[in-house]
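Structural features, examined
Listed here are the chains, written in short residue letters.
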Amino acid sequence: MKLIYKITIPVIAILIFIIAIIGFFIRQQLKNSFIKEEFLRINETVNKKVKEKLLSENFSNPEDLASREKFKIFSEDIKTPGTVRFSIWSADKKILFSSIKSLIGLNFPKHRDVSRALEEKKSFFEEKKEDENEPKETEIGDFLDIYIPININGQIMGVVEIHDVLDAVLNPITTQINNIILALGIGGAFIFIAIFIIFQIFIKNPIKILEKGSEAIGKENFDFKIAYKSNDELGKFIGDFDNMRLKLKTSLLNIRNEYERFKTLISSMDDGVLLIDSSFKIALINQKGEKLLEIKTADAVEKKISDVFFVYQGSKKIEEEKRPAAIVLKTGKPMEISLKDDYYFETKAGKRLPVVLTAAPFKDEAGRITGAIIVFRDNEEEKKIDETKSSFISVASHQLRTPLTTMRWYTEMIESEDAGPLNEDQKNFVGQIYAGILKLNETINMLLSLARIEGGRIKNEMTSLNLSDVTNNIVKNLSPLIKNKNHKVNFIEPPKELANALADLTMLEQVITNLLSNAINYTRTDGAIEIKIEKDPATENTLIYSVKDNGIGIPKEQQKNIFEKFFRADNAVTEIPEGNGLGLALIKKLVELWEGKIWFESEEGKGATFYFTISLA
């Protein structure tokens, strides 16, 4: 429905309602006024006739024919054209005379209105639908009943009852009422026409102008000029609308210019760029992104990213809700994927692309997340370099093991004096050489383990293991080191239902041994170590294994690098200079191999707690 009708129809309906109320009120006032005048006229006439003593002698012998004739003459003077019944009642509520002959002589002792007139000694009238106390009349319609007490020489001798048809009573003023109603109707019609014309001139035309302006703006025609000048509120509103049009034109032009600059910047980037909205649909892809993903803009825009490419971590396909884009849109926090995360994009054509990427959210002024930007690059060269590095480490480690084994055998023979006796200094020197060979051998073994894990050449043979038994055996094996530093090791054994886990025994022993060895090495004499196994509150089938110490801790600014190969914190290098920085890198790879998580909490000088998760058997 058009706005003009939405406004005018309710206004006209309200006016009709008001005019109807006014008409009803005027009609009611005229009717009440006329009825009252008619009642006063009849009352005055009756009292006048009574004063003229026309009735006094009739009450002495009311059944006499002469008396009844006088009653009849009296009634003729009082009756109106609408009178359907005229009755004269005695003080004992007997009908002495009536225009309906069958009622004469009847007695109605319980007649309510006659009783009221006799008791109150006052005249009154009532409008009625029908006579409640006497037989039903043949006439249909509303009635006016008038009751006038007959006062003769100060004594109430009876009551005059007049039963009139109301329409007949009102007939003299009916034409007047109809004329007033007609006048109101004609006046209302003129008002309606005037209102409609006013709406057409002062509201509909401006609304049409606004409609045209809105349509033009909707079609991005911001040069549409609104030709309407007025100093009233509507004119001011249209003027504000036109100012808004000009500001919108300027803002849109600025946005387009910024967007073009942004597109130029994105297109010139040497990395692939994807802009996505909150429903994961691609809004923009740059030239580099098209090239890397082997897709054209027309085939990518408005498509969900899951319809354009898949995401893998290693050989495992990542579910849509766990992809970087989904995590960024959900958390509103930026996310980086580096070389070590081993991410791949796989196109619909089957091309597999190793990538590093950064994803960040877009937010509006209210802080709501409206989309995200993903910047990614082909990581194939870096991947090859990393694989070459791992291959080199593996080959070099293998090549070093043979001469080291030979050196170890000969050193053991010299130390056992198989080649002849040694003096004390010679024994000391040989001991240092032997310790260095063992340390180098340990480093080579760790490098080989890392190379096997990264190359996917290690088997994960899962079996049900009792964590309490495994832990107690490792503590027993390390007891010489524990006693040497006088450490107190407190193993809080889990309840029976939490004691068994699914793991590879060799891997699990390596992880626990490394964590416990680190706790012993970096906790000073007389320190305390706590081992604990508890259920992960976040999942149903996961255990959390923790090793806590009160040792030197890890400096806050170096904690982010703690799991990197060959990295050692400054205070760790000072405490034990001969470490290799491979232990934590190795155990992180092992834990992730069985799809667990590893993390830590630490404060420098106050110790550290390392945690890892493992599946409950």
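Residues numbered from 1 in each chain as written. Predicted model: local features only at pLDDT ≥ 70, side-chain atom pairs only at ≥ 80, totals over all residues. Heavy atoms only, no water.

With that settled, consider the overall build of the protein. Scanning the protein from terminus to terminus reveals 15 helices and 20 strands. Counting every position in the protein, which comprises 617 residues, the buried fraction comes to 40%. Sequence separation of 24 or more characterises 60% of the internal contacts of the protein that already satisfy a separation of 6 or more. (Helix = DSSP H or I, 4+ residues; strand = E, 2+ residues; numbered from the N terminus. Buried < 20%, exposed > 50% of the residue type's maximum accessible area, 1.4 Å probe, protein only. Contact = heavy atoms within 4.5 Å.)

Let us now look at the environment of Ile276. Inspection of the secondary structure assignment puts Ile276 in strand E6 (residues 272-277). Along the backbone, Ile276 and Val301 are 25 residues apart, and their C-alpha atoms lie at a distance of 9.1 Å.

What the five strands build is an open sheet, ordered E2-E1-E5-E4-E3; its pairing is antiparallel. Two strands lie at the open edges of the sheet, namely strand E2 (95-98) and strand E3 (124-128), each paired on one side alone. In this sheet, neighbouring strand axes are inclined to one another by 20 degrees on average, regardless of whether the strands run parallel or antiparallel. Here three bridges tie strand E1 (residues 83-90) to E2, and the two strands are oriented antiparallel to one another. Across the sheet, Ile88 pairs through a bridge with Phe97, a residue of E2. Together, E1, E2 and strand E5 (155-165) form the strand contacts of helix H2 (residues 65-78), whose direction differs from that of E2 by roughly 55 degrees. Together, E1, E3, strand E4 (143-152) and E5 form the strand contacts of helix H3 (residues 112-120), whose direction differs from that of E3 by roughly 165 degrees. (Pairing = 2+ DSSP bridges. Axes fitted to C-alpha atoms, helices over the stretch in contact; angles between N-to-C directions.)

Our focus in this paragraph is the packing of aromatic side chains. Enumeration over the complete set of coordinates arrives at 13 aromatic pairs. Here the aromatic cluster, defined as three or more aromatic residues joined through ring pairs, consists of Phe309, Phe345 and Phe376. Over the face of the ring belonging to Phe124 we find Arg116, whose NZ or CZ atom lies 3.8 Å from the ring centre. (Phe/Tyr/Trp six-rings, centres within 6.5 Å; stacked < 30°, edge-to-face > 60°. Lys NZ or Arg CZ within 6 Å of the ring centre and 35° of its normal.)

Bringing the nonpolar core into the picture now. Formed by 41 residues in total, the largest nonpolar core has its most connected members in Leu508, Leu516, Phe612 and Ile614. Counting only elements with at least two residues in this core, the list comes to helix H11 (467-477), strand E16 (500-503), helix H13 (505-521), strand E17 (528-535), strand E18 (542-549), helix H15 (583-593), strand E19 (598-602) and strand E20 (608-615). Looking at which element gives the most residues to this core, the answer is H13, with eight residues. Apart from the residues within four sequence positions on either side, Phe612 is in contact with Leu508, Val511, Ile512, Leu515, Leu543, Ile544, Tyr545, Val591, Trp594, Lys597 and Ile598. Counting 26 residues, the second largest nonpolar core, distinct from the first, contains Leu274, Ile276, Val308 and Ile318. (Core = buried A, V, L, I, M, F, W, Y, C linked by side-chain atoms within 4.5 Å.)

Just distances and angles here, no functional claims.
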